[in-house]
Amino acid sequence: MDNQQTVSTAGSVSVPPASVEKHHKYEFFKVVQGYLDEAARVIDLPEYIKTILSQPKNEIIINFPVKMDDGSIRLFKGYRVQHNNLLGPYKGGIRYHEGVSLDDVKALAAMMTWKCALMNLPLGGGKGGVKFDPNKVSRDELQRITRRFFHALGSNIGPDTDIPAPDVGTDAKAMAWAMDTYMNTVGSLFRQSVKGVVTGKPVACGGTLGREKATGQGLVYCIQEWAEERDFQLGGATLIVQGFGNVGSFTSLILSRLGASTIAVGDHTGYLYNPEGFNPHKLQDYVKKNRSIAGYPGGKHISREEFFKIKADIFIPAALENQVGIDEAKALNVKLVAEGANGPCSPEGERILIDRGIDILPDVLANAGGVTVSYYEWVQNKRSEHWTLEEVDERLEKAMQRAYREVVEVARQKKCSMRVAAYAVALQRIAAAYGERDIFP
Ligand SMILES: NC(=O)C1=CN([C@@H]2O[C@H](COP(=O)(O)OP(=O)(O)OC[C@H]3O[C@@H](n4cnc5c(N)ncnc54)[C@H](OP(=O)(O)O)[C@@H]3O)[C@@H](O)[C@H]2O)C=CC1
Ligand SMILES: O=C(O)CCC(=O)C(=O)O
């Protein structure tokens, strides 16, 4: 990993933070396997099930060529990892990021298996990604990369096989291109609608109301459950948010409606502090137009180290994995870490947070609102229905509350962390399905 100075999209000079360096050496899949082992012990998971779940079913790697705006041909590396489809079709997002690797995608795919099982969805786990920086290509190039990747994925995906969705660096527009590519290739052989091949689509082409904000909305429902349990008032609470993309911005915005204010934000270009609180609508609009928080007026520039020391009530990690290591966990001055991102805390970081009495809402529970509403979208596509936003939100709220209470109860009974409890609930559901099927007679 080179650590040279780079020019950010906003034109300012930035040095990649140390965390990006760490990120590349981090064995994310091993970390996720470690939690699987811990949860398996807690619930006495039969050894053969742990063996099956210890590796993904399929790991697809595709090198595909794309014509760039200057006429050159560039080769891209894409991944789709299909971890487990016992409970239903593989399900999970597609990430566009320069740091994407097979190890990350395997970890994220396994987490989708636990997330879908925890939420009791008839879906399995998968994840995909393409290794490039989406901020450094044009809109037209982005479209060609997406179409080429989905063309190459071919029949490996499908509405009853494997259903991608947005993740870091992808959005509803990318899903529209993906759906269109599939419909004009593999999907044209079906004599029925194949809209459900991806979720997180624009509403105009079969997306559901509420999916864009769903991960943030689900996270807020979870935080509300925590606040009620702890007798904590969200009105007047302060937040610090790392990553102001889809998850970070919607979480900040929805929490602002409950009276909580975001006093610090950060992304790969740097960190901003405003003790009076940022206007999340304005900041979200700014990031949509400018692709980062760089240059946003109304906040003091602070370092990453300063960001992690700010006294606030809640920290929302909503960027990448492995952002809270030992140093950050020692520095954090909050009551709650609500994991919008997947895998933001390293195991060492988590241990320190727990020892310091800082609560953690673990990713597979806290950010499960996204895939839950993706499931609602898939169901609507199958039934040719359109649900109202109220219907979507109401179902999501109940689903998040149920999962939260189930996890709290298992954590209490088994005297384990919320993360291990969330894995345990998921594994119990998967184990019951394998058990009933007598797969090794
Ligand atoms: N979208 C969804 O529905 C779901 C997403 N998640 C998880 O939430 C997290 C965020 O995803 P999402 O909001 O969709 O992605 P986005 O691409 O919309 O936003 C990602 C944010 O993270 C920031 N970021 C990237 N690298 C760094 C870094 N090294 N340090 C600080 N900030 C950084 C980005 O800033 P910049 O643009 O400047 O790089 C951006 O603000 C991921 O972990 C994802 O897997 C989980 C469940 C569902
Ligand atoms: O909505 C989906 O299917 C994907 C969500 C996702 O990738 C995630 O939860 O990490």
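Everything numeric here is computed off the predicted structure, so don't read it as measured data. (Residues numbered from 1 in each chain as written. Chains lettered and ligands numbered in written order. Predicted model: local features only at pLDDT ≥ 70, side-chain atom pairs only at ≥ 80, totals over all residues. Heavy atoms only, no water.)

Asker: What is the right way to look at the pairing of strand β4 (residues 73-84) in this model?
Answerer: A regular strand places its side chains so that they alternate between the two faces of the sheet. As judged from the ten bridges shared by strand β3 (residues 58-67) and β4, these two strands associate in the antiparallel manner. Residue pairing across strands places N58 opposite Q82, the latter belonging to β4. The pairing of β4 with strand β6 (residues 125-131) spans six bridges and is antiparallel. Among the inter-strand pairings, R80 is bridged to a residue of β6, identified as G128. (Pairing = 2+ DSSP bridges. Helix = DSSP H or I, 4+ residues; strand = E, 2+ residues; numbered from the N terminus.)

Asker: Mind showing me how you'd approach the confidence of the model for the chain here?
Answerer: Detailed conclusions should not be drawn from predicted coordinates in areas where pLDDT is low. With 94% of its residues at a pLDDT of 70 or more, the chain shows a mean pLDDT of 94. Across residues 1-24, where pLDDT falls below 50, the model places 33 contacts with residues more than four positions away in sequence or in other chains. Scored by ipTM, the complex comes to 0.98, with pTM at 0.94. (pLDDT = per-residue confidence, 0-100. Contact = heavy atoms within 4.5 Å.)

Asker: Would you mind showing me how to read the UniProt feature "active site" (unreviewed entry) in the chain here?
Answerer: Mapped onto this structure's residue numbering, the UniProt feature "active site" (unreviewed entry) falls at K127. As for its position among the elements, K127 is in strand β6. Here K127 is in contact with Y79, R80, V81, G93, V105, L108, A109, M112, D167 and N342, once residues within four sequence places are set aside. (UniProt positions renumbered as here; feature names shortened; annotations may be inferred.)

Asker: Help me understand the sheet that holds β6 in this model?
Answerer: Strand pairs in the sheet, formed through backbone hydrogen bonds, run parallel or antiparallel to each other. Taken together, five strands build an open sheet; the order of strands is β3-β4-β6-β5-β7 and the sheet is mixed. Two strands bound the open sheet, and with one partner strand each, they are β3 and β7 (162-166). On average, adjacent strands in this sheet sit at an angle of 25° to one another, irrespective of strand direction. Contacts between helix α5 (residues 139-153) and the sheet are confined to β3, β4, β5 (90-97), β6 and β7, with β3 contributing the most and set at about 135° to the helix. (Axes fitted to C-alpha atoms, helices over the stretch in contact; angles between N-to-C directions.)

Asker: Would you explain the nonpolar core in this entry?
Answerer: Side chains of nonpolar character tend, in soluble globular proteins, to be buried together. Formed by 92 residues in total, the largest nonpolar core has its most connected members in W114, L118, I223, I316 and L361. W114 has contacts with V32, L36, L53, H83, V364, Y423, A426, L427 and I430, leaving out every residue within four places of it along the chain. Ranked by size, the runner-up nonpolar core spans 27 residues in total, among them F64, I94, V137 and V186. (Core = buried A, V, L, I, M, F, W, Y, C linked by side-chain atoms within 4.5 Å. Buried < 20%, exposed > 50% of the residue type's maximum accessible area, 1.4 Å probe, protein only.)

Asker: Sorry if this is basic, but what is going on with the site of ligand 2 here?
Answerer: Looking at ligand 2, there are 13 residues lining it, with K91, G93, K115, K127 and S374 nearest. Measuring from an oxygen atom of ligand 2, one finds a side-chain N or O atom of K91 at 2.7 Å. S374 has a polar side-chain atom sitting 2.6 Å from an oxygen atom of ligand 2. In isolation ligand 2 has 300 Å² of accessible area, and contact with the protein removes 96% of it. (Near = heavy atom within 4 Å. Polar contact = N/O pair within 3.5 Å; in protein donor to acceptor, adjacent residues only side chain to side chain. Areas by Shrake-Rupley, 256 points an atom, 1.4 Å probe, with all protein chains shown as cover.)

Asker: Is there a simple way to explain the side chain of N381 in this structure?
Answerer: Among the structural elements, N381 can be located in helix α14 (residues 369-383). Under the relative-accessibility criterion, N381 is labelled buried at 14%. Ignoring sequence-local partners within four residues, the contact set of N381 consists of K195, G196, K201 and G206.

Asker: Just to check I follow, could you spell out helix α9 (residues 280-290) for this structure?
Answerer: For an α-helix, the turn length of 3.6 residues means that residues three or four places apart are oriented alike. For α9, the full list of buried residues reads P280, L283, Q284, Y286 and V287. Axial view of α9: buried residues confined to an arc of 160°, hence all on one face. Away from the buried face of α9 by more than 90 degrees, exposed residues K282, K288 and K289 are located. Check the buried side of α9 and you find it contacts α8 (246-257) and β9 (261-267). With a side-chain oxygen lying 2.9 Å from the backbone nitrogen of H281, the N-terminal cap of α9 falls on N279. Just downstream of α9 lies R291, where phi reads positive at about 70°. (Arc of directions from axis to C-beta.)

Asker: Any chance you could explain unusual backbone geometry here in plain terms?
Answerer: Backbone phi values are negative for most residues with the exception of glycine, while trans is the configuration of most peptide bonds. Phi angles above zero are rare outside glycine, and N322 is one such case at about 55°. For N322, a relative accessible area of 5% puts it in the buried group. A positive phi angle is found at D438, which is not glycine, with a value near 40°. What makes D438 exposed here is its relative accessible area of 56%.

Asker: Please explain the environment of K398 as it appears in this structure.
Answerer: With respect to the secondary-structure elements, K398 resides in helix α15 (residues 389-414). Classification of K398 as exposed rests on a relative accessible area of 55%. Taking the C-alpha atoms as reference points, K398 and G218, separated by 180 residues in sequence, lie 10.0 Å from one another.

Asker: How do you make sense of a nonpolar patch on the surface when you look at a structure like this?
Answerer: Taken together, the side chains of Y48, I439 and F440 present a nonpolar region at the surface, about 290 Å² in accessible area. Relative to the elements of secondary structure, I439 occurs in the segment after α16 (418-437). A residue is classified by how much of its surface remains accessible, and I439, at 31% relative accessible area, is partly exposed. (Patch = residues over 30% accessible without salt bridge, like charges linked within 9 Å, V, L, I, M, F, W, Y side chains within 5 Å. Salt bridge = Lys/Arg side-chain N within 4 Å of Asp/Glu carboxyl O.)

Asker: Just checking my understanding: could you explain the sheet that holds β9 for this structure?
Answerer: Strand order in the open sheet made by the seven strands is β11-β10-β9-β8-β12-β13-β14, with mixed pairing throughout. Either end of the sheet is taken by a strand with one partner, and the two such strands are β11 (300-302) and β14 (359-361). Geometrically, the sheet is characterised by an average inter-axis angle of 20° between neighbouring strands, direction not taken into account.

Asker: When you look at the UniProt feature "binding site: NAD(+)" (unreviewed entry) in the chain in this model, what are you seeing that I'm missing?
Answerer: Taken from the UniProt record, the annotation "binding site: NAD(+)" (unreviewed entry) applies to T215 and N246. With the annotated positions falling across 32 residues, the maximum pairwise C-alpha distance of 8.1 Å places them together in a single cluster. Looking at the element boundaries, T215 is found in helix α7 (residues 214-230). Under the relative-accessibility criterion, T215 is labelled buried at 9%. Turning to its location among the elements, N246 is positioned in helix α8.

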